[in-house]
Amino acid sequence: MAGRDRGLFLLRRFAGTVVVVALLSVGMFGLLYLAPGSVQQTLLGTRPATLETIAAIQARYHLDEPLPAQYLRWLGGVLHGDLGTSVRTGMPVADMIGQRLPLTLALVGYGALLALLVGVPLGVVGALRRGRAADRLVVTAGVVGLSAPPFAVGLLLLVVFAAGLGWFPVYGTGEGLADQAWHLTLPAVALAVGAVGMFVRFSRAALIRELDQDYVVFARARGLSGAAVIGYALRNSLVPILTAAGLIVTGMLAGTVLVEVTFALPGLGSLLVDSVTFKDVPAVQALGLLFTLLIVAVNLLVDIGYSVADPRVRFGGRTS
Amino acid sequence: MKESTGTGATAEPAIRVEGIKVRQPSTGRTLLSEVSFEVAAGESVAIVGESGSGKSLTVRAMLGLLPQGLEATGQVRIAGERVDDDPRARRRQRGGVVSLLMQDPFTLLNPLRRAGRQIADGLPKGADAAVEVPRLLAEVGLPANVAGRYPFQLSGGMRQRIGLAAALAGGPRVLVADEPTTALDATTQREVLSLIRRVQRERDMAFVLITHDLRLAFSTCDRVMVMYAGRVMETGSAAAVRHEQFHPYTRALLAAEPPADRRLAVIPSVPGAVPAHDAAAGRCGFADRCSLAVPECRTGVPEPRPVRVSGNVREGRLSACLRAAELPAPPAPEPGVVSRPPVAAEPVLEVRDLRRWFAGSPHPALAGVSLTVAPGEVVGVVGESGSGKTTLARCVAGLERPDGGAILLGGADCSDYGRMGRAAVRQARRISQMIFQDPYSTLNPARTVGATLREALWADGRPAGPDDLARLLESVGLARDMAGMRPAGLSGGERQRVAIARAVAGEPRLLICDEPVSALDVSVQAQVLGLLAELRERLSMAMLFITHDLAVVRQIADRLYVLESGTCVETGLADRVLDAPEHPYTRTLLASVPDGSGDWLD
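Predicted, not measured: the structure shown is a model, and the values here were computed from it.

Quick notes on the rules
Residues numbered from 1 in each chain as written. Chains lettered and ligands numbered in written order. Predicted model: local features only at pLDDT ≥ 70, side-chain atom pairs only at ≥ 80, totals over all residues. Heavy atoms only, no water. Patch = residues over 30% accessible without salt bridge, like charges linked within 9 Å, V, L, I, M, F, W, Y side chains within 5 Å. Areas by Shrake-Rupley, 256 points an atom, 1.4 Å probe, with all protein chains shown as cover. Salt bridge = Lys/Arg side-chain N within 4 Å of Asp/Glu carboxyl O. Helix = DSSP H or I, 4+ residues; strand = E, 2+ residues; numbered from the N terminus. Buried < 20%, exposed > 50% of the residue type's maximum accessible area, 1.4 Å probe, protein only. Contact = heavy atoms within 4.5 Å. Buried area = accessible area lost by both parts, 1.4 Å probe. Polar contact = N/O pair within 3.5 Å; in protein donor to acceptor, adjacent residues only side chain to side chain. Domains from an automatic or database assignment. Nonpolar A, V, L, I, M, F, W, Y, C, P; charged D, E, K, R; others polar. Phe/Tyr/Trp six-rings, centres within 6.5 Å; stacked < 30°, edge-to-face > 60°. Pairing = 2+ DSSP bridges. Axes fitted to C-alpha atoms, helices over the stretch in contact; angles between N-to-C directions. Left-handed = near helix turned anticlockwise from the far one by under 90°. pLDDT = per-residue confidence, 0-100.

Caption draft 1: Representation of a nonpolar patch on the surface. Together, Leu-156, Val-159, Val-160, Leu-165 and Trp-167 of chain A make up an exposed nonpolar region whose accessible area comes to about 500 Å². Its place among the elements puts Val-160 of chain A in helix H7 (residues 150-164).

Caption draft 2: Local environment of the environment of Asp-280 of chain A. Residues and elements named next belong to chain A. Locating Asp-280 in the fold gives a position in the loop between helix H11 (268-277) and helix H12 (281-309). Residue classification places Asp-280 among the buried residues on the basis of a relative accessible area of 0%. Taking C-alpha positions, Asp-280 is 16 Å from Ile-54, a pair spaced 226 residues apart along the chain. Non-local contacts of Asp-280, meaning those with residues more than four positions away in its chain, are made with Ser-86, Val-87, Arg-88 and Ser-275.

Caption draft 3: Summary view of the interface of chain B and chain A. If you look at the interface, chain B gives 30 residues, while chain A gives 22 residues. Here chain B packs against chain A, burying approximately 2,200 Å² in sum over the two surfaces, 60% of which is carbon and sulfur. Looking only at chain B, the three residues that lose the most surface to chain A are Met-102, Leu-112 and Phe-152 of chain B, adding up to 28% of its buried area. Across the chain B-chain A interface, the total number found is zero salt bridges. Counting the contacts that link chain B with chain A gives six residue pairs in polar contact (both at pLDDT 80 or more).

Caption draft 4: Region of the structure containing the domain arrangement of chain B. All names here are of chain B. On domain assignment, one finds that chain B holds domain 1 (15-253), domain 2 (268-326) and domain 3 (349-447 + 488-495 + 502-591). Here the C-alpha centroids of domain 1 and domain 2 sit 27 Å apart. Regarding the contact of domain 1 and domain 2, the summed buried area is about 2,100 Å², with carbon and sulfur atoms giving 58% of it. At the junction of domain 1 and domain 2, the tally comes to two salt bridges. Salt-bridge contacts for Glu-234 lead to Arg-317; the nearest nitrogen and oxygen are separated by 2.5 Å. Listed by contribution, the elements that provide at least two residues to the side of domain 1 that touches domain 2 are strand S2 (29-39), strand S10 (231-237), helix H8 (238-243) and helix H9 (248-256). Looking at which element gives the most residues to the side of domain 1 that touches domain 2, the answer is S10, with seven residues. Looking at the side of domain 1 that touches domain 2 residue by residue, the classes come out as twelve nonpolar, eleven polar and five charged.

Caption draft 5: Representation of the packing of aromatic side chains in the model. Residues and elements named next belong to chain B. Tallied over the full model, the rule gives five aromatic pairs over all chains. Geometrically, the ring pair formed by Tyr-249 and Phe-286 is edge-to-face, given 5.3 Å between the ring centres and 65 degrees between the ring planes. Pair noted here: Tyr-249 is in helix H9 and Phe-286 is in the loop between H9 and strand S11 (305-309), with a separation of 37 residues, a long-range link. For the residue pair Tyr-249 and Phe-286, the accessibility class agrees, reading buried in each case. Connected via pairs of aromatic rings, a cluster forms that spans Tyr-228, Tyr-249 and Phe-286.

Caption draft 6: Quick peek at the side chain of Thr-448 of chain B. Residue and element names in this part refer to chain B. Among the structural elements, Thr-448 can be located in the loop between strand S18 (432-435) and helix H12 (449-459). Thr-448 gets classed as buried once you look at its relative accessible area, which sits at 18%. Of the polar contacts made by the side chain of Thr-448, one reaches the backbone nitrogen of Ala-451; its length is 3.1 Å. If we ignore the near neighbours within four places in the chain, the residues touching Thr-448 are Ala-483, Gly-484, Met-485 and Arg-486.

Caption draft 7: Examining the pairing of strand S1 (residues 15-24) of chain B more closely. Residue and element names in this part refer to chain B. In this structure, S1 lies alongside S2, joined through seven bridges in antiparallel fashion. Following the sheet pairing, Ile-15 is matched in S2 by Val-39. Adjacent in sequence and paired antiparallel, S1 and S2 are bridged by four residues, among which Gly-28 carries a positive phi angle near 75 degrees. Pairing geometry for S1 and strand S4 (residues 71-78), over seven bridges, is antiparallel.

Caption draft 8: Focus on the packing of H11 of chain A against H12 of chain A. All names here are of chain A. Relative orientation of the contacting elements H11 and H12 amounts to 145 degrees, with a least axis distance of 9 Å. H12 is crossed by H11, and the crossing has left-handed handedness. When H11 is examined against H12, the residues Leu-268, Leu-271, Leu-272, Ser-275 and Val-276 are found in contact with a partner set consisting of Ala-283, Val-284, Leu-287, Leu-290 and Phe-291. Split into classes, the residues belonging to the contact of H11 with H12 amount to nine nonpolar, one polar and no charged.

Caption draft 9: Looking closely at the sheet that holds strand S14 (residues 366-373) of chain B. Residue and element names in this part refer to chain B. Pairing is antiparallel across the open sheet formed by four strands, whose spatial order is S14-S13-S16-S17. The sheet terminates laterally at S14 and strand S17 (412-413), the two strands that pair on one side only. Of the strand pairs in this sheet, strand S13 (residues 349-356) and strand S16 (residues 404-409) are connected by five bridges, and their pairing is antiparallel. Bridging across to S16, Val-351 finds its partner in Ile-407.

Caption draft 10: Highlighting the confidence of the model for chain A. Summarising the model, chain A shows a mean pLDDT of 82, and 94% of its residues fall at 70 or more. When pLDDT is averaged over each helix and strand of chain A, the minimum, 70, is found for helix H2 (residues 39-44) of chain A and the maximum, 91, for helix H9 (residues 214-221) of chain A.

Caption draft 11: Main features of the pattern of salt bridges. Residue and element names in this part refer to chain B. Under the definition given, this model contains 44 salt bridges over all chains. Put simply, Lys-389 and Glu-515 hold a salt bridge, and the shortest N to O gap is 3.8 Å. In this pair, Lys-389 is assigned in helix H10 (residues 389-396) and Glu-515 in the loop between strand S19 (510-514) and helix H15 (522-539), connecting sequence segments 126 residues apart. Residue classification places Lys-389 among the buried positions, given a relative accessible area of 7%. Where salt bridges share partners, they join Arg-356, Arg-394, Glu-400 and Asp-403 into one cluster.

Below, the structure written as structure tokens:
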């Protein structure tokens, strides 16, 4: 019974996700037509416009076919891993992305982990010491973090810890796991600073609300240990914290664009900036689709997280 | 332990509280003071009072569980150990020596943890959950498989039983229950109370019950303690206090509870409201509302003292009334009056075969209900939660669209407000208006009382000048200067009066009342019922009165419809239905009304 419920729940969410991705893929394909100038022009990019190249592009992209057929052909290519050819480098876009994706994922994962490990405990401390000095300090730090833009934090970190103190490298990705982690630390911190503020806010507010609930008083009154009582409240704060985590990870995916440029890291963000600068539409299209997919995937994961954290979501029960 | 040398362990009361005082340091307010009482091992004591009496704060202070920002002083000894100055002793005692069962079954359990594991969390160290949890569940009358359920999968009564099992898990010698059945239906309330009392006797626990219902206290406990404005008014054995009250407040409280067995011409209500503790400093808190007050009542705080009537000390009785010994005999119970016969006239409301089935629900909310309300007639609709009574009211008011059937207001079809024209909706609103249960959410908190009422007058096309407003306020017993206040500054009773004024501003022919007094204290309930009866006479207004409380409906309704699971099981004149119920469900409902006798729970 419970297993079937969960299966149904996941199926529903997954179907919804597929619909969203399908709609967004239409938008991404439309980019080709929304870009200023003719489609041939866009696909030619900076190459010389000879008759042969134009004919080759016509044939390559089937531009004489009706629009829906072109879209389906493009979509078919995308589904088979053919994301087109970069106008700028002439390489397949899929290969370019493949080289850079691991770095960006590692950067976002590292940043999110840092933010989680710092932000949630700080929020918990703030909630448990509500109104006291520790709480005020945590809240103030959160606001400072939230209001600092990642690229500015990045520059500051570079100046202090890389150029000034020399503890971390100024640019580059490093070799080997430990070295890579060392290279990624400053960029990840730059990404995490704002996220820490978000985590502090969400987890503190959620925990404060839960600590005021009757079930917490009841748990104390019947002699549960302090740790068990905080465990009760934390478990119930999980849904808002998950919401925050989803927002933070998607925000970080966008934040990589600036941070990768600041730290000169060869990730998707810097690829996106280069591609946009060179009007490399196939690459922009593919990157746009990829970011969309990543964001949709994060949201799906958060939805699944809700169902794990809260049985009422899973069983469709009413939260009375 | 060490200090109980002379008297021996058996003579030491389970709880001894001396001179408890609760303050809010940030505002300098005192919320209650000089509260002292004892509970012997195995004894049950009820602390009775209205909101603001300090009954809940008293036990919270006793247990060291006061809300943030409040501070308690005074001596508390539990099971012979002094705990008020020793937070570690308190922590050690929780669960194993003293445990608390809270009011609202819908919030007292962790929503994300299975019932069995929540019970297991409170077991003493080393206990085997696989053995103990089913045993505890059986003790509270639940099957073992409930352990695997989440709270949201259980009914209110079952949740409160889980709460009881969890509170008992540590094997406490003292159980405190804070209004444990107030949020439950009448029949469930009786079951849960009877369960608590059985468990208390079997385990020989000391038991403290906090309640606002004096009759419930008489039926459940050995002794009662009545509180008012943060002080103890009267103490005595349940039977003795039920028989004879030595404080005017206890009398007023008892008189304000409407009887279920007869209709009173007027429910005796005391004017005014419970004052804040500090507002009654240096005098008797009840003096301003007391018809027997003498000047001495206002010159000092009367202490609870043993009652001495014509030279004999009444055993176990304390009263904080200076005139306890000379109180006149209470008036004999008022004889009942007969409810009005029905009028033969075109009905103002006619409901035919109304049906409503909410998506996802296993039962229909309304499975074909028909009723009529004649002009000027008060029709009561009674039933428990899930009976469909509120859905019925909401359909009639146009807040819910029925799936089938017809609603005729003043002869016009109002079954589907969505398909009616503006003028028709306006007309329907002029005929019927509604008042709701919760006075705390019924008013827009951002608007002043005056703005709310002015809008209601305008909506009906009436003049809304300052004098009209004042007249409207006075018609519901409120002062005219209240127009400038916002709901946050009003008490529950005052808010409900404003809601009534808003509804009757256009002098509707039908007032739909959805549990209008069930969230109010008994003395306020009596005042509001009196107001509704008066308005009915003055405006010759009909009422559709939805309630779960048979004693309340007896006082106001001419005819009754009894709903069970969306169907009407019995209907007739109120006196006939309540004196000679035909349907077993009506009889069950009647048996669930506390009558104050000691054998009500047996």
